[in-house]
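Chain by chain, the residues run as shown.
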Amino acid sequence: MELQGTVKKLFDAQTFASGFQKREMVILTQEQYPQPINIEFLSDKISLLDNLKEGENVKVGINIRGREWTSPQGETKYFNSITGWRVEKVFDNGSEPTQAAPSQSGSPVSNENPFAGDEDDDLPF
């Protein structure tokens, strides 16, 4: 999956006691109702954020992860996380999705019925 938006916030890398590292980024989507989306970059992917600055337009390749956790009281909760694996700077405005224009080249489209005049139809229906 991909998300596109403007870099709203870049956080410092965090290192945990186990040696695990992560760095988070918040992007603001560019749609009618912009959403701030927090994206985690894990281990070797944290370096993808090194050349980014707040305010830049980016397209981020993401995976959505889910996990289940049971509290000591026996209550089960579910959590989601968005993990980034690719970042690409977008240099155009990017505020409106672009659509490909229909191609005018190629052979003209015919509206004739290609089966007209086929009287030897041996289909049972």
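Use the structure listed above.
Just so we're clear, the structure is a prediction, and the values are computed from it rather than from any experiment. (Residues numbered from 1 in each chain as written. Predicted model: local features only at pLDDT ≥ 70, side-chain atom pairs only at ≥ 80, totals over all residues. Heavy atoms only, no water.)

A. Here's a closer look at the overall build of the protein. When helices and strands are tallied, the protein shows zero helices and six strands. Taken from the N to the C terminus, the helices and strands of the protein come in the order β-β-β-β-β-β. Burial status across the protein gives 24% buried among its 125 residues. The contacts of the protein with a sequence gap of at least 6 include a subset with a gap of at least 24, amounting to 51%. (Helix = DSSP H or I, 4+ residues; strand = E, 2+ residues; numbered from the N terminus. Buried < 20%, exposed > 50% of the residue type's maximum accessible area, 1.4 Å probe, protein only. Contact = heavy atoms within 4.5 Å.)

B. Expanded view of the pattern of salt bridges. Under the counting rule described, the total for this entry stands at five salt bridges. In this structure, Arg23 and Asp50 form a salt bridge, with 3.4 Å as the shortest nitrogen-oxygen distance. Of this pair, Arg23 sits in strand E3 (residues 21–29) while Asp50 sits in the loop between strand E4 (36–42) and strand E5 (57–70), placing them 27 residues apart in sequence. Under the relative-accessibility criterion, Asp50 is labelled exposed at 52%. As a salt-bridge pair, Glu56 and Lys89 come within 3.3 Å of each other at their nearest N and O atoms. Here Glu56 is found in the loop between E4 and E5, whereas its partner Lys89 is found in strand E6 (residues 76–89), with 33 residues between them in sequence. The class of Glu56 is buried, set by a relative accessible area of 19%. Three or more residues are tied together by salt bridges with common partners; here these are Lys22, Glu24 and Glu40. (Salt bridge = Lys/Arg side-chain N within 4 Å of Asp/Glu carboxyl O.)

C. Fine view of the environment of Ile64. One can find Ile64 in strand E5. Taking C-alpha positions, Ile64 is 7.0 Å from Asn80, a pair spaced 16 residues apart along the chain. Once residues lying within four places of it in the same chain are set aside, the contact partners of Ile64 are Met1 and Ser81.

D. Structural view of the nonpolar core. With 14 residues, the main nonpolar core has Met25, Ile39, Phe41 and Val60 as its most contacted residues. With residues up to four places along the chain from it excluded, the contact list for Val60 reads Met1, Glu2, Leu3, Met25, Ile39, Phe41, Gly84, Arg86 and Val87. (Core = buried A, V, L, I, M, F, W, Y, C linked by side-chain atoms within 4.5 Å.)

E. Structural view of unusual backbone geometry. A positive phi angle, near 45°, is found at Ser43, a position not held by glycine. In this fold, Ser43 is placed in the loop between E4 and E5.

F. Up close: the pairing of E6. One ladder, built from 13 bridges, connects E5 with E6; its direction is antiparallel. Looking at the pairing, Ile62 lines up with Gly84 of E6. Linking two consecutive strands that pair antiparallel, namely E5 and E6, is a turn of five residues; a positive phi of about 90° is found at Gly74 within it. (Pairing = 2+ DSSP bridges.)

G. Up close: the packing of aromatic side chains. Under the definition given, this model contains one aromatic pair. Above the ring of Phe11, the side-chain terminus of Lys9 is found at 5.6 Å from the ring centroid. (Phe/Tyr/Trp six-rings, centres within 6.5 Å; stacked < 30°, edge-to-face > 60°. Lys NZ or Arg CZ within 6 Å of the ring centre and 35° of its normal.)

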